[in-house]
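The lines below spell out each chain.
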Amino acid sequence: MKIFNSTRSVPSGRWSPGMLHPLPCSRQRLQHSSAKKRSTVGLAPFFFGLLFMLTAIATEAPAGTGSGELVVRPQGPVASIAEAIELAEPGTTIRIMAGTYNERELVISKKLTLTGEGFPVIDARNEGFILKVLADSVQIRGIEFRNTGVSYTRDHAALLVEDANGVVIDGNRFTDNFFAIYLATVRGSLVANNHITASGTREASSGNGIHLWSTWDIEVTGNTIRGHRDGIYLEFAKGALIYENVSNGNLRYGLHFMFSDDSHYHDNTFSNNGAGVAVMYSKNVKMTGNRFVENWGPAAYGLLLKDISDSQISGNLFRDNTIAIHSEGSNRIAVKNNHIIRNGWGVKVMANSQNNVFSSNNFIENTFDVATNSRRNYNTFEGNYWSRYDGYDLDQTGTGDVPHRPVRLYSLIVEQNPASLILIRSFFIDLLDLAERIMPTLTPETLIDEKPLMKEVNL
Amino acid sequence: MNTLKIIKYQLQDVIRSRWIIFYTLFFWLITDALFRFGGSGEHVILSLMNVVLIVIPLVSIVLGAMYLYNSREYIELLLSQPITRSSLFSGLYAGLTIPLASGFALGILVPFAYHGGLTSEAAAGVLFLVFVGILLTVVFTALAFSIALRFEDKIKGLGLSLVLWLFFAVIYDGLILFIIFLFSYYPLQNPVIALTMLNPVDLARILLMLNFDISALMGFTGAVFQRFFGSGFGMAVSLGVMLLWLAIPLSVAFRVFLRKDF
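Treat the numbers as computed from the prediction; the structure is a model and nothing was measured.

### Description of the overall build of chain B
For chain B, the helix and strand inventory stands at 11 helices and 0 strands. Its helices and strands in sequence order give chain B the pattern α-α-α-α-α-α-α-α-α-α-α, from N to C terminus. The burial tally for chain B puts 53% of its 262 residues in the buried class. Sequence separation of at least 24 residues holds for 81% of the intrachain contacts in chain B that already meet a minimum separation of 6.

Put into structure tokens, the structure is as follows:
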């Protein structure tokens, strides 16, 4: 039984159904937001679930709900998935054997487990949606969804989950769909190890890979998304935990979220997306250990922050982006221990971003380490490593004796007048920068790193 | 035939005077040092770019003028022989540019070769850098010739060469910046492209940078530049302008040389 047959597999016991339902309080969740601690009694069904799961895998038997199983095969007595769903009692496991099923607009409104064997293909032949889940605790594994319809008025999804709890979508493939996975008003569910690809060419005729709208406590992990409009899109997704996903080569954003407070994103990779990653209008967000690389283009950002507050960005890698971090209207963010290397702009902080603290980051070989649009400074830069720093450390404390001014005069000029970018790397500009460094008159007076590090921070 | 003989004699003369060896060593040491201080191929090219854009015009224009002033007696001697002025002129010009260009190319390419930079994907980049460097060399030696032949006074000629270098390498960019700010309410992309094309140093800089894909940095402006310079048409125009920068000063110098009463 190939449950975890995908590019990134997670240890099998980790995502048992019991962990998510009826009490959506996995270990990670408890660590993540301690405010939501529940009684440890809740762990009992969790372990039962784990046990069931493990026996299910070990014996290759259907999950032991006791309600039996139904087998769908192309030439079998039950030849269509629609028929199987119709026949199945709640709690049944439907095993779908390898083959191609030309079906669409399937609706599940009872608790079922759909398990594909050898990746059966459900092909909607470019019309309508494929599968809609309206019941709690449904599990979908090992199925390939293909070719939903493209619509400019309806969000056709390969797999739509609506008003449900504890749904598991694990180890599936999604190929050339409009939207791949769409969760609307869903709680405590898991989207893991799915391989999602599309070959969209225009934003308007292309949907999102994983789309969460109005959800609570969803975990998205180990997915690979490529070629959609936004790789992962979240709107009103409270307490989402997004980790170890790879989102690259999407038309617009690798990750795009709005109004999603208390979320945690870690160890994801976002590369080569049309416009990088955009996070907006959220509070209390943690972004740690992610890789933002090669988002390179006239309008691409490693990470675009818009109205994000009280958040934490640490341990990330930003490499070869046009703008590594662009901050607009974002306040009280701790940017720490990030590796910001070879970007056009390292950090671009607009004057409406205040009380952010940038500390212990490595700024290496960025064309502009820090840029801003104001002479005033409302943020703190302290104890970072700047490859551009040319001071000295006579007293051997590890921090330079001379403060570092990371804003080049040229970055201000460019901010005021983009056409002057044609003078990039010109000798004249180097002279201007040098003159400004010696006698600062135009760059923000207080935007200074008083304790620049002499050596890179080890991350 | 006479031209070749003159070139041969000039080469011997140039090598005897040793400055070409220092010139080659200069590039050699810088390239080598950049590799040793931990640069990959592409890194080294980007660092070399600034050196090339400053040093080559300066050395070409100053040395070119000096060379002509110093070979005054030699020119007078040869003109008394049955040699046409055009073959003497081309011999002199080639005798200067060939060692300058090959010294520069050698100084860059040899360290690249033994540091393994030529096998990597940076190979195309360094070849382009060398190509642009050679273009700058021939353009600025041509400028030097036209200055040195126009002005009898050595001090005046050398001073003017320095001023011309300063103008192209530094002042011109200041003027562009001034114009950009003066007309900041107008869409300036196309005029600015035209302005940069009028300066061989700027043109070389833009061509090199587009080769390293820094253009994405430039946002909308960059997209306009990329579209122009990245297209075959833009490349052809840029090369054409470069060749004009070679042809005009060279023909001025040649004209003066033909009529000059030494």
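That shown, we press on.
### So, the overall build of chain A
Secondary structure summary: chain A contains 6 helices and 38 strands in total. Across the 459 residues in chain A, those meeting the buried criterion constitute 58%. Contacts spanning at least 24 positions in sequence make up 50% of the contacts within chain A whose residues lie at least 6 apart.

### Topic: the side chain of Thr31 of chain B
Residue and element names in this part refer to chain B. Locating Thr31 in the fold gives a position in helix α2 (residues 19-36). Classification of Thr31 as buried rests on a relative accessible area of 0%. In this structure Thr31 touches Val44, Leu48, Gly107, Ile108, Pro111 and Phe112, once residues within four positions along its chain are discounted.

### A short note on unusual backbone geometry
Here Asp176 of chain A, not a glycine, exhibits a phi torsion of approximately 50 degrees, which is positive. Judged by its relative accessible area of 33%, Asp176 of chain A falls in the partly exposed class.

### Concerning the packing of aromatic side chains
The full count for this structure, using the stated rule, is 31 aromatic pairs over all chains. A centroid spacing of 4.6 Å and a plane angle of 5 degrees characterise the contact between Phe358 of chain A and Phe381 of chain A, whose relative ring orientation is stacked. Separated by 23 residues along the polypeptide, Phe358 of chain A in strand β34 (residues 357-359) and Phe381 of chain A in strand β37 (residues 380-382) bring together distant segments of the chain. Each residue in the set Tyr67, Phe89, Tyr93, Phe145, Phe254 and Phe257 of chain B is aromatic and connected to the rest through ring pairs, giving one cluster. If you follow Arg173 of chain A out to its NZ or CZ, it ends over the ring of Phe119 of chain A, 3.8 Å from the centre. For the cation-ring pair, Lys348 of chain A lies above Trp345 of chain A, with the distance from its terminal atom to the ring centre recorded as 4.3 Å.

### Let's talk about the interface of chain B and chain A
Facing the 28 residues of chain B at the interface are 25 residues of chain A. Taken together, the two surfaces of chain B and chain A that pack against each other cover about 2400 Å², and 72% of this comes from carbon and sulfur. On the surface where chain B and chain A come into contact, there are 0 salt bridges. For the interface between chain B and chain A, the tally reads 5 residue pairs in polar contact (both at pLDDT 80 or more). Of all elements in the fold, only α3 (41-70), α7 (154-182), α8 (189-197), α9 (200-211) and α10 (219-230) of chain B reach the threshold of two or more residues within the side of chain B that touches chain A. Looking at the side of chain B that touches chain A element by element, the count peaks at 8 residues for α7 of chain B. Residue classes in the side of chain B that touches chain A are distributed as 18 nonpolar, 7 polar and 3 charged.

### Some remarks on the packing of α2 of chain B against α3 of chain B
Residue and element names in this part refer to chain B. Relative orientation of the contacting elements α2 and α3 amounts to 160 degrees, with a least axis distance of 9 Å. As far as their axial angle goes, α3 and α2 are roughly antiparallel. Regarding α2 and α3, the two cross each other, and that crossing is right-handed. Across the interface between the two elements, Trp19, Tyr23, Phe26, Phe27, Ile30, Thr31, Leu34 and Phe35 of α2 pack against Gly41, Val44, Ser47, Leu48, Val51, Val52, Val55, Ile56, Val59 and Leu63 of α3. Tallied by class, the residues present in the contact of α2 with α3 amount to 15 nonpolar, 3 polar and no charged.

### Concerning the nonpolar core
Formed by 104 residues in total, the largest nonpolar core has its most connected members in Tyr410 of chain A together with Phe27, Leu92, Phe145 and Phe229 of chain B. Looking at this core, the element that brings in the most residues is α3 of chain B, giving 18 residues. Here Phe27 of chain B is in contact with Val51, Val52, Val55, Ile56, Phe104, Gly107 and Ile108 of chain B, once residues within four sequence places are set aside. Among the nonpolar cores identified, the runner-up in size contains 78 residues, and Ile96, Tyr101, Ala158 and Val347 of chain A belong to it.

### Re the confidence of the model for chain A
Low pLDDT marks regions whose predicted coordinates should not be analysed in detail. Residues and elements named next belong to chain A. The pLDDT averaged across chain A works out to 85; a share of 85% of its residues lies at or above 70. Confidence over residues 1-42 falls short of pLDDT 50; this stretch has 81 contacts with residues more than four positions distant or in other chains. For residues 53-66, every residue scores under 50 in pLDDT, and the model assigns this stretch 19 contacts once sequence neighbours within four places are set aside.

### Overview of the pairing of strand β10 (residues 157-165) of chain A
Residues and elements named next belong to chain A. As paired strands, strand β7 (residues 131-133) and β10 are joined by 3 bridges and run parallel to one another. Each bridged residue has a counterpart across the sheet, and for Val133 the counterpart in β10 is Val161. Judged from the 7 bridges that link them, β10 and strand β13 (residues 179-187) form a sheet pairing that is parallel. Among the inter-strand pairings, Val161 is bridged to a residue of β13, identified as Leu183.

### A few points about the pattern of salt bridges
All chains considered together, the criterion is met by 24 salt bridges over all chains. Bridged by salt links that share partners, the residues Glu294, Arg319, Asp320 and Arg342 of chain A form one connected network.

### Topic: the pairing of strand β1 (residues 69-72) of chain A
All names here are of chain A. On β1, burial follows the alternation: Leu70 and Val72 on one face are buried, whereas Glu69 and Val71 on the facing-out side are not. Pairing of β1 with strand β2 (residues 93-96) involves 4 bridges; the strand directions are parallel. Following the sheet pairing, Leu70 is matched in β2 by Ile94. The parallel pair β1 and β2 is bridged by helix α4 (residues 81-87), and the resulting crossover is right-handed.

### Examining the environment of Arg202 of chain A
Residue and element names in this part refer to chain A. Structurally, Arg202 can be placed in the loop between β15 (195-197) and β16 (210-216). With near-sequence residues (within four places) excluded, Arg202 lies in contact with Tyr152 and Leu251. A distance of 3.4 Å separates a polar atom in the side chain of Arg202 from a polar atom in the side chain of Tyr152.

### Thoughts on α2 of chain B
All names here are of chain B. In this model, α2 (18 residues) spans 25 Å end to end at C-alpha, consistent with the 26 Å of a helix rising 1.5 Å per residue. Every buried residue of α2 is accounted for by Trp19, Ile20, Tyr23, Thr24, Phe27, Thr31, Asp32 and Phe35. Of the surrounding secondary structure, the elements contacted by the buried residues of α2 are α1 (2-16), α3 and α5 (85-114).

### Details of the environment of Lys283 of chain A
All names here are of chain A. Residue placement: Lys283 occurs in strand β25 (residues 276-283). With relative accessibility at 46%, the residue Lys283 sits in the partly exposed group. It is 6.5 Å that separates the C-alpha atoms of Lys283 and Ser311, two residues lying 28 residues apart in sequence. The residues touching Lys283, leaving out its near neighbours within four places in the chain, are Asp261, Asp262, Ser309 and Ser311.

So, how was this worked out
- Along every chain, residues carry numbers that run from 1 in the direction the sequence is written.
- Here chains are named by letter from A upward and ligands by number from 1 upward, in the order in which they appear as written.
- Per-residue local features of the predicted model are confined to residues with pLDDT of at least 70, and side-chain atom pairs are confined, for both listing and counting, to 80 or more; whole-chain, interface and lining totals are unaffected and use all residues.
- Side-chain descriptors were evaluated using all non-hydrogen atoms of the structure, hydrogens and water having been removed beforehand.
- The secondary structure listing takes helices from DSSP runs of H or I that are at least 4 residues long and strands from runs of E that are at least 2 residues long, numbered from the N terminus.
- Burial here depends on accessible area, computed with a 1.4 Å probe over protein chains only, as a share of the maximum for the residue type. Under 20% is buried, over 50% is exposed, and the range in between is partly exposed.
- In what follows, a contact means two residues having at least one pair of non-hydrogen atoms within 4.5 Å.
- Any Phe, Tyr or Trp ring, taking Trp's six-membered ring, that has another such ring centre within 6.5 Å forms a pair; planes under 30 degrees apart are called stacked, those over 60 apart edge-to-face, and the others tilted.
- A positively charged side chain is recorded as over a ring if its NZ (Lys) or CZ (Arg) lies within 6 Å of the ring centre. The angle to the ring normal must also be within 35 degrees.
- Buried area is a sum: the accessible area each of two parts loses on coming together, probed at 1.4 Å, counted once for each and added.
- The term salt bridge refers to a pairing of a side-chain nitrogen on Lys or Arg with a carboxyl oxygen on Asp or Glu at a separation within 4 Å.
- A 3.5 Å cut-off defines polar contacts: any pair of N or O atoms within that distance qualifies, except that in protein one atom must be a possible hydrogen donor and the other a possible acceptor, and neighbouring residues in sequence count only when both atoms are side-chain atoms.
- Residues are grouped as follows: Ala, Val, Leu, Ile, Met, Phe, Trp, Tyr, Cys and Pro are nonpolar; Asp, Glu, Lys and Arg are charged; every other residue, Gly included, is polar.
- Helix axes are fitted only over the stretch in contact, all axes being lines through C-alpha atoms; the angle between N-to-C directions runs from 0 to 180 degrees.
- Roughly parallel covers angles under 35 degrees, roughly antiparallel covers those over 145, roughly perpendicular covers 65 to 115, and oblique covers all other angles.
- The crossing is said to be left-handed when, going from far helix to near helix, the turn is anticlockwise and less than a right angle, and right-handed when the turn is clockwise.
- For the purposes of this section, nonpolar cores are sets of buried Ala, Val, Leu, Ile, Met, Phe, Trp, Tyr and Cys residues that join through side-chain atoms within 4.5 Å.
- Looking at any residue, its pLDDT shows the predictor's confidence there, from 0 to 100.
- Strand pairing is assigned whenever DSSP detects at least two bridges linking the two strands.
- Handedness of a crossover is defined as follows: with both strands directed away from the viewer, a clockwise route from the first strand across the helix to the second makes it right-handed.
- Take the residue count of a helix, subtract one, and multiply by 1.5 Å to get its expected span.

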